[in-house]
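Notes for the structure review
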Amino acid sequence: MTVGRNAASIPFASVIVPTRGRPGKLLRALSSIQAQDERDWEAIVVDDGDGEGLAAVRTLADPRVHALGGTGQGPAEARAAGIARAAGRLVCWLDDDDWWEDPHHLSALCAALGRAGERRFLFRGGWLVHEHDGTREVFDHPATSESLRVNNTILTSSIAYPLAARAELGPLDPAVGGYCDWDFMLRLCDAGFELVQVAGLGVCYEVGAPSLSKAYDAPARRAQFERFRAKHGLEIELSNHERIHKMLSEMPVPDGWAEVDGALERTFRLESFPAAIAFVTRVAGLAEAENHHPDIAISYRDVTLRWRTHSAEAITDRDRELASASAALA
């Protein structure tokens, strides 16, 4: 059964939302798409349950939101069915128990891809939101094609890539089940898609709910993990976003830096005032390239840098990474 779809118009972005038995959370996710300042989108909901998702979509009466029934075989198959129906040049993923907190999230992804449709695999940071009390933790970890072979530091509901990847890479792999997202990320990287972290926090990833993320070490989940690990030849241990976040958040302050008033701070003494200005110029180039900017104070030949993620009001892995990179420029 299918609800909605106007074939006369092709949107720029297609948002794929698999769902099963959570109509209230599904409506929260869809409302976060409707709240985006980028209006050129379609949402494809794949109901893998008993029809609650189809009924929820009808209540919205939004022609941009389409729904179809799934096969009941699981989230990988449901997501794959949605991707197969996508028409937009940019494909975005959003799970039914997550939502986009930033109303500029979709426009940031569209801008990063570009209307020409570059071969880019995009992601953003966000928050882990604990369902039982609503508390949040910033989840904004960097990722590279190499680091993804060790830890998955990308929130599934933040990723986006050009529709052309569908034909190039083929469908999701149902054999790896709940690891189809990580598997597809590695396949994108192996195919040469440029991995780009779009600045800012955009996604709320709910934890603590009765979902696959909570039962990450269940026997069926472990079997999927072993198939995924063997497929890519990975030497990794079973984990989930919460455990990975805890491990990475306990990383030490980079050598030479101090945590001062919620920021990583360090003062560099250069040989002269012109040398100090030249150093600031190099740091500015790094900050512009990474779209992440420190506070800078200059006093003759002393330059003080302060790295802090203002949108998160905290020090993140991105600050640690750029603190080390900026120190190498002195």
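The structure under discussion appears in the preceding block.
Residues numbered from 1 in each chain as written. Predicted model: local features only at pLDDT ≥ 70, side-chain atom pairs only at ≥ 80, totals over all residues. Heavy atoms only, no water.

**Some words on the overall build of the protein**
Defined as follows: The secondary structure listing takes helices from DSSP runs of H or I that are at least 4 residues long and strands from runs of E that are at least 2 residues long, numbered from the N terminus. Remark: exposure states derive from per-residue accessible area (1.4 Å probe, protein chains only) relative to the maximum for the residue type, with buried under 20%, exposed over 50%, and partly exposed in between. The contact definition used throughout considers only heavy atoms, calling two residues in contact when any of these lie within 4.5 Å. The accessible surface values rely on the Shrake-Rupley method and a 1.4 Å probe; as for residues, cover is taken only from the protein chains in view.
Within the protein one finds ten helices and 14 strands. Split into buried and exposed, the 330 residues of the protein put 52% on the buried side. Summarising the internal contacts of the protein: among those between residues at least 6 apart in sequence, 75% fall at separations of at least 24. Approximately 14,400 Å² of the protein is accessible, and the part contributed by carbon and sulfur atoms is 53%.

**Some details on the packing of helix α6 (residues 180–190) against helix α7 (residues 219–232)**
Going by this rule: Note on geometry: axes are lines fitted to C-alpha atoms, helical ones only across the stretch in contact, with angles between N-to-C directions running from 0 to 180 degrees. Note on angle classes: values under 35 degrees are labelled roughly parallel, values over 145 roughly antiparallel, values of 65 to 115 roughly perpendicular, and the remainder oblique. Gly is put with the polar residues, along with every residue not named as nonpolar or charged; the nonpolar set is Ala, Val, Leu, Ile, Met, Phe, Trp, Tyr, Cys and Pro, and the charged set is Asp, Glu, Lys and Arg.
Direction vectors running N to C along α6 and α7 enclose 10°, while the axes themselves pass 10 Å from each other. Here α6 is positioned roughly parallel relative to α7, judged by the angle of their axes. Along its contact with α6, which presents W182, D183, L186 and R187, the element α7 presents F228, K231 and H232. Taken together, the residues of the contact of α6 with α7 break down into three nonpolar, one polar and three charged.

**A look at the pairing of strand β4 (residues 65–69)**
Two faces belong to every sheet, and in a regular strand the side chains alternate between them. Inclusion rule: At least two DSSP bridges between two strands are needed for those strands to be called paired.
When you tally the buried positions in β4, you get four out of five residues, the bulk of the element. Note: strand β3 (residues 41–47) against β4, five bridges, orientation parallel. Bridged to I44 within β4 is H66.

**Thoughts on helix α2 (residues 52–60)**
Basically, it comes down to this: Within this analysis, the arc is defined by the directions that extend from the helix axis to the C-beta atoms.
When α2 is considered as a whole, its buried residues turn out to be G53, L54, A56 and V57. Angularly, the buried residues of α2 cover 160° about the axis, an arc narrow enough to put them on a single face. Phi turns positive one or two residues past the end of α2, at A61, with a value near 50°.

**Overview of the sheet that holds strand β13 (residues 295–299)**
With antiparallel pairing, four strands are arranged side by side in an open sheet as β11-β12-β14-β13. Edge positions in the open sheet fall to β11 (258–260) and β13, since each of these has one partner strand only. Taken pair by pair, the neighbouring strands of this sheet meet at an average axis angle of 30°, ignoring direction. Relative to strand β12 (residues 263–269), β11 runs antiparallel, the two being bridged by three bridges. Bridging from a neighbouring strand, E259 pairs with L264 of β12.

**Considering the packing of aromatic side chains**
For clarity, the cut-off: Only centres within 6.5 Å qualify two rings of Phe, Tyr or Trp (six-membered ring in Trp) as a pair; their planes then separate them into stacked at under 30 degrees, edge-to-face at over 60, and tilted for everything else.
In the structure shown here, the tally under the stated rule is eight aromatic pairs. Both rings, one in W93 and one in F184, keep their centres 6.0 Å apart while their planes meet at 25°; by these two values the pair is stacked. You can see W93 sitting in strand β5 (residues 90–93) and its partner F184 sitting in helix α6, a full 91 residues away along the chain. Across the pair, exposure class does not vary: W93 and F184 are buried alike.

**Here's the deal with the pairing of strand β2 (residues 13–19)**
The element β2 is largely enclosed, with a buried count of seven among its seven residues. Burial along β2 is two-sided: A13, V15, V17 and T19 and S14, I16 and P18, pointing in opposite directions, are all buried. As paired strands, β2 and β3 are joined by seven bridges and run parallel to one another. Note that in β3 the partner of P18 across the bridge is V46. One ladder, built from four bridges, connects β2 with β5; its direction is parallel. Along β5, the bridge assignment pairs A13 with L90.

**Here we look at the environment of R85**
Within the secondary structure layout, R85 lies in helix α3 (residues 75–85). R85 gets classed as partly exposed once you look at its relative accessible area, which sits at 29%.

**So, the packing of helix α9 (residues 273–290) against helix α10 (residues 317–327)**
The criterion, for reference: We call a crossing left-handed when the near helix sits turned anticlockwise from the far one by less than a right angle, and right-handed when that turn is clockwise.
At their nearest, the axes of α9 and α10 sit 10 Å apart, and the two run at 145° to each other. Remark: the crossing between α9 and α10 carries right-handed chirality. Between α9 and α10, the contacting residues are F279, V283, L286 and E290 on the first element and R318, L322, A325 and S326 on the second. Looking at the contact of α9 with α10 residue by residue, the classes come out as five nonpolar, one polar and two charged.

**A short note on the pattern of salt bridges**
If the charged atoms of two oppositely charged side chains come close together, the side chains can form a pair. Applied cut-off: Note on definitions: salt bridges are taken to be side-chain nitrogens of Lys or Arg within 4 Å of carboxyl oxygens of Asp or Glu.
One pass over the full model with this rule turns up 18 salt bridges. Close ionic contact of K25 with E131 constitutes a salt bridge, the shortest N to O distance being 2.6 Å. With K25 in helix α1 (residues 23–34) and E131 in the loop between β7 (120–130) and β8 (136–139), the pair connects residues that are 106 residues apart, well separated along the chain. The partly exposed category is assigned to E131, whose relative accessible area is 34%. Here R124 makes a salt bridge to D102, at a shortest N to O gap of 3.0 Å. A residue pair is termed long-range when its members are at least 10 positions apart, and R124 in strand β7 and D102 in the loop between β6 (99–100) and α4 (105–113) qualify at 22 residues. As far as the burial class goes, R124 and D102 line up, both buried.

**Here's the deal with α3**
Every buried residue of α3 is accounted for by A76, A78, R79, G82 and I83. For α3, the angular spread of the buried residues around the axis is 165°, confining them to a single face. Along its buried surface, α3 packs onto β2, β3, β5, β9 (160–162), α5 (164–169) and α6.

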